[in-house]
Amino acid sequence: MQKKIDITDIWIETPRLILRPWQETDLRDFNAYASEAGVGECAGWKHHESMEESLRILRMFIEGKHTFALVEKESGNAVGSVGLEAPSDLADEGDSELFGCEIGYVLSKSCWGKGYMTEAVRAVLQFCFRELRMDWVTCAHFMENDRSRRVIEKCGFRYVRDIKYETQLGEQKPSRLYVIRK
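Reference entry: report on the structure contained in this document. (Residues numbered from 1 in each chain as written. Predicted model: local features only at pLDDT ≥ 70, side-chain atom pairs only at ≥ 80, totals over all residues. Heavy atoms only, no water.)

Moving on, we come to unusual backbone geometry. Negative phi characterises most residues that are not glycine, and trans characterises most peptide bonds. Of note in the backbone geometry, lysine 65 takes a positive phi value of approximately 60° without being a glycine. By the element assignment, lysine 65 lies in the loop between helix 2 (51–64) and strand 3 (67–72). You can call lysine 65 partly exposed: its relative accessible area is 35%. Within the chain, arginine 133 stands out as a residue other than glycine whose phi angle is a positive 55°. Summarising the element assignment, arginine 133 is placed in the loop between helix 3 (116–131) and strand 6 (136–142). (Helix = DSSP H or I, 4+ residues; strand = E, 2+ residues; numbered from the N terminus. Buried < 20%, exposed > 50% of the residue type's maximum accessible area, 1.4 Å probe, protein only.)

Secondary-structure assignment places glutamate 166 in strand 7 (residues 158–166). A sequence separation of 31 residues divides glutamate 166 from aspartate 135, and the C-alpha atoms of the two residues are 25 Å apart. Other than its neighbours up to four places away in sequence, glutamate 166 contacts Glu171 and Gln172. Looking at glutamate 166, its side chain comes within polar contact range of the side chain of glutamine 172, at 3.3 Å. (Contact = heavy atoms within 4.5 Å. Polar contact = N/O pair within 3.5 Å; in protein donor to acceptor, adjacent residues only side chain to side chain.)

Next up on the list: the pairing of strand 6. Within strand 6, 6 of the 7 residues are buried, leaving the element largely enclosed by the surrounding structure. Bridge analysis of strand 5 (residues 100–107) against strand 6 gives 3 bridges, and the strand direction is parallel. When the sheet's bridge partners are listed, cysteine 101 is paired in strand 6 with valine 137. Handedness of the strand 5-helix 3-strand 6 crossover: right-handed. With 7 bridges connecting them, strand 6 and strand 8 (residues 172–181) associate as antiparallel partners. (Pairing = 2+ DSSP bridges. Right-handed = clockwise from strand over helix to strand, strands pointing away.)

Turning next to the sheet that holds strand 4 (residues 78–85). Taking strand neighbours across the sheet as the criterion, the 8 strands line up as 1-2-3-4-5-6-8-7 in an open arrangement whose pairing is mixed. Only two strands of the sheet have a single partner each, and these edge strands are strand 1 (12–13) and strand 7. The strands that helix 4 (residues 146–154) touches are strand 5, strand 6 and strand 8; relative to strand 6, the one it contacts most, it runs at about 155°. (Axes fitted to C-alpha atoms, helices over the stretch in contact; angles between N-to-C directions.)

Quick look at the packing of helix 1 (residues 27–34) against helix 2 now. Here helix 1 crosses helix 2 at 110°, and the two axes come no closer than 9 Å. As far as their axial angle goes, helix 2 and helix 1 are roughly perpendicular. With respect to the hand of their crossing, helix 1 and helix 2 are arranged in right-handed fashion. For the pair formed by helix 1 and helix 2, the contact residues are Leu27, Arg28, Phe30 and Asn31 on the first element and Met51, Ser54, Leu55, Ile57, Leu58 and Phe61 on the second. (Parallel < 35°, antiparallel > 145°, perpendicular 65-115°, else oblique. Left-handed = near helix turned anticlockwise from the far one by under 90°.)

Structure, rendered in structure tokens:
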């Protein structure tokens with residue numbers, strides 16, 4: 001079952017991070033990590049080539065109301081994002097009475113290896129299960145993306161099956177699909 005996700009007034013705090021809705025004032029931070037070669041490619045999209053491209057996508061995040069800015073408390077900078085999407089056909093959990101979503105995330109290279117994404121995903125999963133009353137959440141990673149695989153494992157997701165994921169670049173990439181239930 002599909003419910004509308006709206007994070008407009010949601011702020012989630014963890015020991016080192018704040019997850020909150022994106023704002024246009026985050027544009028420089030967003031462009032700083034989204035334009036790094038290799039960052040977007042890990043998530044299936046090409047890194048940004050201009051500030052205008054970043055602004056267009058940032059506005060989509062703001063209007064969509066289902067993608068959190070991941071803000072590092074120490075610096076105050078937005079260093080990544082966590083999005084809650086309608087489940088893809090590949091993520092069908094088989095019961096139309098159950099409610100769930102697909103979670104996706106991306107993080108600045110400068111923050112890789114610090115445990116930020118595991119911290120953020122755990123907090124967003126609590127929000128999904130406690131506040132949104134979801135029954136399940138799915139997540140997937142490209143076969144070669146070991147960092148994402150480790151986040152998924154540390155957060156307690158269970159492997160479902162191998163899939164082919166179509167990226168925003170039109171490529172079919174071998175991926176692994178996982179689920180976690182309430």
